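Survey of secondary and tertiary structure
Here is what each chain is made of, one letter per residue.
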Amino acid sequence: MLLSVRKSTRDFIIKELRSRTHLTKEQDDLVTFCETLCKHYPCQSYKAAMAGLQQQDRTEMPPVLRNPGIHLADKRYNLSEECGEIDTIHHSDIDQSDYSTEKLEIQSGHYSHVLLDWLQWWTTDTQQLVLLDTRIGDKVWRDKLRCRLDLVVDYLARHNKLDILKNLVDEATKSGDHTIIQEIHCQASKMTAFTFLQISHYCVQHKLYLDQSDFPSLLKQMRYVGGPLLVPHPLASYPAHIQERFHQDFTQYCVQNNLPSLLWQYCFLHRVQPDVLSRVAQISSDIQWLDFFVHMYSVANNPHSTISLCEASVANAALAWSLDGAVIPALIGQGEVLTALATLVYSPRSIQQISPGSDMASMFGGLSMETLEQALQPYPKLHVALFPTSTIDKPQNDVTIYQLLKDNAPFSPSRLFGWQTMHRTTGEDSMRQLPHFSMPELVNRYAYTERIRYTYYLRQGRPSFAFASFLAEQLDSDPTTLSNKSILAACGTALWIGIKNFHNPQISCACVVFTEMLGQNSLLIRTYLQVGQEILLHLNSCLTGNIDRRKEQVRHNEAEIASWLCGCVIHQRKQATFLLGKLEEAISASLDKDTIPSTSFEAGQKWTIAVLFCQILHLQLTTRFLEQCCQADKWLPFLWFAQTHQYPKEQLQSLLYKFRSVHLQQHLHYVIENAETRASDLGQVQSDGQGQAKGKDVRSSLYVRIGLKKDADSVELSSDEEEQLTSVSPADDNDSGVLMVDVDSAPDDVFRVVFVTQSSKCQWKSLLQYSIVLRNPLFSELAACIPEASGLPCLCGWLVAMLDVKEHEKFLKNYGKFAGKWNMRHLGNIIDIYLQNNWVSTLANGFHIFQPDSPIIPFFKFSAEFSERRNLSQCKLLLGDFKESFHMYCHEITADERAAIFGDTDWFQQVIFRVLQHHFTHTQSLYDVLQLLRLLDSESIVLVFKFEVPDFARLVRMLQMVVNVPIPDVRFSGLVSSEKSEVDGECRRIVDVMVAKQMFHQAREFAREAGLSHDHITMAEVKDEKSKLELTPLWHSTIVRQRFWKQCASSFLKYKLSVEQATDFFQTEARSVESYQEKAYLYQLCVQHMETLARADTLQLIDQTYHTLSIYRIRAKMEQMQHGDSSDDFMEDIFEDDGSHLPFDTHDRKKELLNYGKMPREDEVSKELTEEETKALDLLIQELLDNGQVIESCRLATEFHFYSRDLVIILTCIRLALGTVTVGESMDMMMVSLLAESTGHRRLSVAATQNIGRMTKKSSMVSLASVASSTWDFLPAGQEKTVVSMEALLHNCHHGNQCCKQVLNCYIIATVLDKGYEDVVLDKEFSVLKELLKTSLPQRFWLASEFLSSSSLTNSEVAGFLCDSIVYAYKYSYGSEELSQTDPAHPQGERDLLFDPAEDRGVAGQFVTLCPDSSILGDRLLEVVTSMSEEQHISASLLSVQTELLILSHTCHTNACNMEGISHVLRSARTITVSLANTHNFSLMVRLLTGVGRFSEMTYIFDSLKINEHFELLLKKGIEKENSLKIALLDYLKRYHPSDIDTYDMVAHNFLMHREIAQMLESRARRGLNKYKDKTLENTTEIKTDLQNIVQDFTEAAESYYKESCLRHAQTCLRHARLVALQLQHLAPVLSVLHLSPGGADKLIASHPKFLEALIVSETYGKKGSWPNALCHNVLKGGDFRYLQDFKSHIKLTTALASETIEKFQQEQNPSAQSLNNLKKFLETHCRDVKLKYKVAQEFGFRDLLTTMEKGDNSSYIQDLVYLAT
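For every chain, the first residue of the written sequence is number 1, and numbering continues from 1 along that sequence. Two thresholds apply to this predicted model, a pLDDT of at least 70 for residue-level local features and 80 or more for giving and counting side-chain atom pairs, whereas whole-chain, interface and lining totals are computed over all residues. Each side-chain value is derived from all of the structure's non-hydrogen atoms; neither hydrogens nor water enter the calculation.

Observations concerning the confidence of the model for the protein
Condition: Values of pLDDT, ranging from 0 to 100, describe the predictor's confidence in every residue of the model. For helices the rule is a DSSP run of H or I covering at least 4 residues; for strands it is a run of E covering at least 2, with both sets numbered from the N terminus onward. Pairs of residues are marked as contacts when any of their non-hydrogen atoms sit within 4.5 Å.
Overall, the predicted model of the protein reaches an average pLDDT of 76, with 82% of residues at or above 70. Confidence scores differ between elements of the protein, with helix H40 (residues 721-726) showing the lowest mean pLDDT of 31 and helix H29 (residues 505-517) the highest of 93. With pLDDT under 50 throughout, residues 59-84 is counted as low confidence; its partners more than four residues away or in other chains account for 40 contacts. Of the regions scoring below 50 in pLDDT, residues 1380-1389 engages in 11 contacts with residues more than four places distant in sequence or in other chains.

A look at the packing of helix H33 (residues 601-616) against helix H35 (residues 635-645)
Heads up, the condition is: Only the stretch in contact is used when fitting a helix axis, every axis being a line fitted to C-alpha atoms; angles between N-to-C directions are given from 0 to 180 degrees. The hand of a helix crossing depends on one turn: near helix anticlockwise from the far one by less than a right angle means left-handed, and clockwise means right-handed. For this classification, Asp, Glu, Lys and Arg are treated as charged, while Ala, Val, Leu, Ile, Met, Phe, Trp, Tyr, Cys and Pro are nonpolar and the rest, including Gly, are polar.
Interaxial distance between H33 and H35 falls to 11 Å at its minimum, and their mutual angle equals 35 degrees. H33 and H35 meet at a crossing whose hand is right-handed. Of the residues in H35, those touching H33 at Phe601, Gly604, Gln605, Trp607, Thr608, Val611 and Gln615 are Trp640, Phe641 and His645. For the contact of H33 with H35, a count of residues per class yields 5 nonpolar, 5 polar and no charged.

Points about the packing of aromatic side chains
Put simply, the rule is: Side-chain rings of Phe, Tyr and Trp (the six-membered ring for Trp) are treated as a pair once their centres are within 6.5 Å; stacked means planes under 30 degrees apart, edge-to-face means over 60, and tilted covers the remaining angles.
Applying the stated rule across the entire model yields 53 aromatic pairs. Ring geometry for Tyr1532 and Tyr1536: centres 5.3 Å apart, planes at 40 degrees, overall tilted. With a gap of 4 residues between them, Tyr1532 and Tyr1536 both fall in helix H82 (residues 1523-1536), about one helical turn apart. Among the aromatic side chains, those forming a connected cluster through ring pairs are Phe859, Phe862, Phe866, Phe882, Phe886, Tyr889, Trp907 and Phe908.

Structural notes on the pattern of salt bridges
In plain terms, the rule: One speaks of a salt bridge when a side-chain nitrogen belonging to Lys or Arg is within 4 Å of a carboxyl oxygen belonging to Asp or Glu. Any residue under 20% of the maximum accessible area for its type is buried, any over 50% is exposed, and the rest in between are partly exposed; the area is computed with a 1.4 Å probe on protein chains only.
Taken as a whole and assessed by the stated rule, the structure comprises 26 salt bridges. The salt bridge involving Asp1024 is made with Lys1028; its shortest N-O contact spans 3.3 Å. Of this pair, Asp1024 and Lys1028 both sit in helix H57 (residues 1015-1030), 4 residues apart, roughly one helical turn. With a relative accessible area of 14%, Asp1024 lands in the buried category.

Quick notes on the environment of Arg1682
Secondary-structure assignment places Arg1682 in helix H90 (residues 1681-1690). For Arg1682, a relative accessible area of 66% puts it in the exposed group.

Looking at unusual backbone geometry
The backbone of Asn258 sits at a positive phi, close to 55 degrees, despite the residue not being glycine. The residue Asn258 is located in the loop between helix H15 (240-256) and helix H16 (260-270) in this model.

Some remarks on the side chain of Gln931
If you trace the backbone, Gln931 turns up in helix H52 (residues 926-938). Residue Gln931 is classed as buried on the basis of its relative accessible area, which comes to 10%. When neighbours within four sequence positions are excluded, Gln931 is seen to be in contact with Phe866 and Leu872.

A short note on the nonpolar core
Formally: For our purposes a nonpolar core is just a set of buried Ala, Val, Leu, Ile, Met, Phe, Trp, Tyr and Cys residues, chained together by side-chain atoms within 4.5 Å.
Leu1445, Phe1502, Trp1667 and Phe1722 are the most contacted members of the largest nonpolar core, which has 224 residues in total. Top element by residues in this core is helix H74 (residues 1355-1373). It accounts for 10 residues. With 99 residues, the next largest nonpolar core counts Leu799, Phe860, Leu926 and Ile990 among its residues.

Focus on the packing of helix H28 (residues 484-500) against H29
Geometry of a packed helix pair, given as the angle between the helix axes and the separation of the axes. The criterion, for reference: Each angle is binned into one of four classes, with values under 35 degrees roughly parallel, values over 145 roughly antiparallel, values of 65 to 115 roughly perpendicular, and all other values oblique.
Between H28 and H29, whose axes approach to 9 Å, the crossing angle comes to 165 degrees. As summarised for this structure, H28 and H29 are arranged roughly antiparallel, according to the angle between their axes. The element H28 and its partner H29 pack so that their crossing is left-handed. Contact residues: Ala490, Cys491, Ala494, Ile497 and Gly498 in H28; Ile507, Ser508, Cys511, Phe514 and Thr515 in H29. The residue makeup of the contact of H28 with H29, split by class, is 7 nonpolar, 3 polar and no charged.

Okay, here's the thing in structure tokens:
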């Protein structure tokens, strides 16, 4: 049993032993494993397994070009022949043909044939590994081996099963079990480097790390996910101790590499505990900054800890002064006493006085008190504060620095230094915070901010920052997309910066990285940088001189190379040639310097950069290396380098003459000429793995390939080959004159074959025979060169010779070796073979050789291009060439030329279609098929075929949908099949997949393209939406459900769902709901759908459904009557409507107004409805009538035989309007009685009718019915009676009166226009409106407004009609030449004119009021103006039209308060102003200005008129009515032309603007005065004249002010005029009274002897308080009582004034006797105050005056004063 080879024998023995229980447990386990092994490895024949693998390889092998010259050497690699089968007897009888394709597929590779004796030596792990080899892809099997995870990972690692390893990582990520990660790390040594790199990257992407203990490896892994600075931490999912260990390792890393900034950012981002840093600080105690870092981080982590603050302060001092140990004593010892005390300020303990018993000494680190006291000696205040018992005198308190600065500095200290506690003199406006650069207030006021762009970071060598800055910059401008243009611009900038700094590795590498981060290829910049480095190394190798000189030369070389590179970027080819020369010199010098052979592989590698430089810049490739190879006769490096860099043939051929060996020149010439074919052959040989046999002669292989020598592996021929060939018997030859040829008897070389065939009767057939047998196409070409040869067999022979071994043998077996008889059928079969093997390129070459004029060649090239390279642009060109050549073949060439081409039109079409079918069925990717179809559709290839072919355009659309979805396993061959059932089946499958993916729109589009019904798609979509909505709380809302039903109905109508399916859906849903309202809603939708898609067989169903609908609507109304309208639906506040109304409430207005239906009868009573249902029906009909649904109301009333008076009134009005009934005749009796009751209504007066004709838009909204007793005198008598009757009925209509109003309005319009009512209703609204507005009826605008208010026209449509009418009217009025061109719809001229603007401009304004939204009309008019402005030559009439339309547009926007529209009008007005100025049409400019009326915004018109000297047009007759224009003109002149006084004066006088005239005169006079402000006045004629003019201006200004009742201004000007006149009197001698200062005016008034002149000065300067001094000076001192009389004649001498004058006098020292007499006289004569007089007399001792007063009339009063004083 253990050594049994045959499985059957072994199984028999095992069965017998098991039945007798002779097997031990170990043996039974071994047998069980063997059985399991056989199940896993079913194939026990090595030969069968190899056959299965070869079959699988052939089916899975990608299509490649076959090499016709090489066949598979199967025997060489047949291991069974070397080793043999284990069971030779069993397999000897098995024929190879027994292995069918199905068996081979089952047995593909799973081969095992072992003995039990071998298995017993296998360990358990080995057994599991062997089984795992077949089940490793089975997840269930792997889960069973979860306990042996090490075994699974070991297998995966050894076999590099990357996909399965990734799946295990995904499972570990979901479960959180990191055991698999540990196992992968343990088995890492068994993987390849690439697999380990890929799996480690994948683990890192899932935040899993293979080895957390190895910090350098962990740090490298983290860079793929953002590095350790990523938030959250990359190890956030790991336990805390692992994170803490990484924190510690990272801290140690930063400390060792001196990276404090990075460490701070890391700790701050991840909130690292200070304890971790402290442990590292203890280890790295020699790092000075680390201790300071730890304490500062502690402060940042806990800013409220005073201990941390103190420790940070001490650490700061230690770092600043490089101290170790006790910091405070060390600072004091170095003399830094203040620093030590400042450091201790942050201590939690306050510094207090130091006494012998205090513990303050501990704060100073054990420093002795004597040392501390001695150190404080230079600072007395500190010393006294700390040592109060010292013998040193305590300094006295001194003032602060701020007190010293007060009143002693050029600035105010009270407003500064408010943050200092010692500053006690601060004010309220002083700053309470020390100013700093980041203070928000200072930043907002003074800071200059600038955003750093990515170019800054590139120059700093920071690519990641540059990338982030670029993204932020782009997203700020466009947050949705990142344009390719901006990315390319950024790459260009990076290229420029990189080559400018190519010598700086940091910047250049940053530019490269930045380019790659943008997703662009950095090959260009890297090439430029490498070129620059090569040239720089070469130039720097020749430096001479001292160090400074060398540095200067290096800088010069760097700058020069940078300029070369920049010039190459800008000018490219022009500069690139020069740079290439420099690069070649540098590479040559580098090779010489490094002593590298010029033709070696290393030299070729050096020259690669030069070739790459040429390729990038599209230069001719450098040939320096190839020339050196030629000169040294090194053909192998020559070919290797040329093939590697794909040199053009022409360039290589031009170098061959430099080879010294002529033989090499010839051989290489042939090789290069056939390089393309040989390259494909070489690729085939390498892919098959059989072209490089060990020990084979390469030169012999080359000769074999070119056909000059026979393959050495073939059977050797006899020595006398020529005799054997010539002596061959032709007995078996079926073709006369053709040699019988086989492989064994064929000559070795080409020439001998040619010589042999010359002896045959038909040389070309013999050559063709050799070509086929030897599979050498060269002989077919030689055969075709013989004149009598037939081209078709030669082409077939060439194609057969190019087949590979298998296809060659198969073809010869089917069709024989004699090609002379091959015809078009054989050629078609050969083409099929080439198509099946995807050898279309070879097929195209064959036709090109033998049929160069064949029209099918471009199509074969197209097929090859598409199959092999997918170059779509080239494919498109080839298709175009094919169409052109095929057209020439069909229509342009002669019969002889057509006869020389194989095949006819039908054959070509069949072949082309077969090629396309091949592509359709063999192209693996749907995307590639889609590209093929797009090419065929774009070139309209379908027109080539005369028979029916698939519609490529339709296929493109269908396949595009499939690709977009995407849909797997699509059989495109089914879509292009000739069987319609197969096509429909595949299309239905695709549609079902789309529906399953809920892509209903795509499915519907696909079904429409495929011609399939899409009803089931619509139903599936609706049901899917319903199921989704039912899962949400929204489904419980009635409003939401009704909106959903309405959406369903819209979808059914949109997609034309069948009536049966729609009816079934709505009725099913209606049965499932409880609310009658919702049932009615669903049935209404159902009826609407049925009526829209009605058929003859569904009419009865519609009636039944409508009856059910009516019942539900009545019951719904009953529910509403019982429960009211209150609704607690939570969606009611979201939607504007509550959803309770019936859908499709929109109805045809025209049909409603013409429907007179079946008149309800009062005697008809419905027996079907109860009383409550009848009331509900009545309410329902009332609602319908209010909504204008007359037809629906009639239908409901007829359905239940219900009588509604309102409905009868409406129907009666409609019948009266139609004329089917007359007033009082054929009318319902109820209507007759209503008319009789309404005869007492009064009529409106004639004045009321006239007012109606002048109604505006708002007033036109008043309905006809609101004017119940209006007169209709303008109507004929009969129609007037009908109108009055309709009005009477309207007053009695309580529901549906709006419909009555519409009927009445249309009837009145029909009467006015002398048309029928039906014509008015059915006619287009604009036609009726146009005819109505053409009438001369005064009420036409009112009727038009009523008509528009009840019409279905939108605001935009009304605006468009009014705009067209207005534009046409203005064009016609102004005689525009463009009228016929711009508006060909108005050929009638004046008959189409609705109004004439020339007669009345106000009519256009009434047209504006007809538009409901005047802003829309304004926009339309503005668009017309803009379109007119686009014309090149604008006539004067067109300018007039534009001006008037702009004015109307402005009026529209002003009425609508549309500021945006007004701004557009003003912008257009400015544009038109330019045209008006160019055409010198200034009157229109003035019209535009006054029509718009926005003068402040249109000052440019003033400028234009001013510049062109037409300003007087603004002053013409009629303009003076524009009050705002007057002010705007003067404002404009004052602001922009202040010096143009004449124009200002002219404008002001023209408009009689006296105030402005006065202001102008006053300002001119004041300007004249200001000239003499700082000048000395002289008595000259010029000055006198100027002063006289000033007096005149002030006088005229006063008069003008007086005319405008500006009395104060007039008085001021008059005073100034008097002052200037006074100055004129005092020019000789000069007394200056002008421009006096306040003090000067007081002095002049007080000292001037003439009161009237002083009064002028006083009034002008407003100095009323100067009179006491003047009276004292002139009267009391001077004795001029005439001055006093003048004073009293103008100013009242009050007691206060007299008292103040006397006080001034009392201030005088030693007054003279005359002064006292004057005072006494003043008291006696002019002082009326007794008390004051008596008091002054007492003071000055005027006894006679006192006596007189005591004895006088006032004696009693004086005695009382004396008594009170005592």
